[in-house]
Amino acid sequence: MRIGKSNLVLEGLCLALLLAPGLHAQNVVSVAVSLGAEPAAVVPVAVPAGRSSVPSLGFCDWTLLGAATGLRYLDYQTTVKALSDPANFHEVELPQPLVDNHPAFGAFEAGTVAANYWIYRMLVRHGHRRLARAGQLINLGALGGTVAFNEYNLARYYRQTPH
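Residues numbered from 1 in each chain as written. Predicted model: local features only at pLDDT ≥ 70, side-chain atom pairs only at ≥ 80, totals over all residues. Heavy atoms only, no water.

A.B. asks: How would you sum up the overall build of the protein? Please name residues and give values.
C.D. replies: When helices and strands are counted, the protein shows five helices and zero strands. Reading the protein from its N end, one meets helices and strands in the order α-α-α-α-α. Residues classed as buried in the protein amount to 21% of the 163 residues present. (Helix = DSSP H or I, 4+ residues; strand = E, 2+ residues; numbered from the N terminus. Buried < 20%, exposed > 50% of the residue type's maximum accessible area, 1.4 Å probe, protein only.)

Encoded structure:
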């Protein structure tokens, strides 16, 4: 007889533990109704911690961003090398005091990489991945042209003058 009663008590405790969250929810709803609020027809469900609603960047996206970062580095290197001879080279687009200050110029290039990444992420987040990729391809074309122009001028200059 004792064994039967202890099983009954254990079953009752297990049932109470299983129903406790539901009973608490019923108490909250009944309190809200007694305060004059109507019960909600739709109950919000929390998003699981492992799943994000923000689209992630894929391999192609990271490749485009990495290529732009590499070209920014090459732009910095070729510009600094060209401006080491100010008699023959000068900066065409950026202010000369910015380019003459190497840490500031490096910070400018790093800032453009960060801004490029942020804009790319915002476009992808708002569902414009194709626009982000198209803009990045235009950016890569412009950066590649700038680096190629710098390299061409440096190669032509160093080929003409013996060093």
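Having put the structure on the table, let's press on.
A.B. asks: Outline helix H5 (residues 129-160), supporting the account with residue identities and numerical values.
C.D. replies: Taking 1.5 Å per residue, 32 residues should reach 46 Å; H5 reaches 46 Å between its end C-alpha atoms and fits that length. Burial in H5 covers these residues: Ala132, Gln136, Asn139, Leu140, Leu143, Val147, Asn150, Asn153, Leu154 and Tyr157. In the core, the buried residues of H5 are packed alongside helix H2 (59-82) and helix H4 (102-125). (Expected span 1.5 Å × (residues − 1). Contact = heavy atoms within 4.5 Å.)

A.B. asks: Can you lay out the packing of aromatic side chains for me, pointing to particular residues and giving the numbers?
C.D. replies: The geometry of an aromatic ring pair comes down to the distance between the two centres and the angle between the two planes. What the rule picks out here adds up to four aromatic pairs. Plain terms: the ring middles of Phe89 and Tyr157 are 5.2 Å apart, the flat faces sit at 75° to each other, and that makes the pair edge-to-face. Of this pair, Phe89 sits in the loop between H2 and helix H3 (96-100) while Tyr157 is found in helix H5, placing the two residues 68 residues apart along the sequence. Note on accessibility: Phe89 and Tyr157 belong to one class, buried. Through a chain of ring-to-ring contacts, three or more aromatic side chains come together here, namely Phe89, Tyr157 and Tyr158. (Phe/Tyr/Trp six-rings, centres within 6.5 Å; stacked < 30°, edge-to-face > 60°.)

A.B. asks: Outline the environment of Ser56, supporting the account with residue identities and numerical values.
C.D. replies: On the secondary structure map, Ser56 appears in the loop between helix H1 (2-34) and H2. Judged by relative accessible area, Ser56 falls into the exposed class, the value being 54%. In this view, Ser56 contacts Arg121 and Arg129; residues no more than four positions away in its chain are not counted.

A.B. asks: Requested: an account of the side chain of Gln136, with residues and values cited.
C.D. replies: Along the chain, Gln136 falls in helix H5. On the accessibility criterion, Gln136 (2% relative accessible area) is buried. For Gln136, the side chain forms a polar contact with the main-chain oxygen of Leu64, separated by 3.4 Å. If near-sequence neighbours (up to four positions away) are discounted, Gln136 is found in contact with Leu64, Leu65, Ala68, Asn116 and Tyr120. (Polar contact = N/O pair within 3.5 Å; in protein donor to acceptor, adjacent residues only side chain to side chain.)

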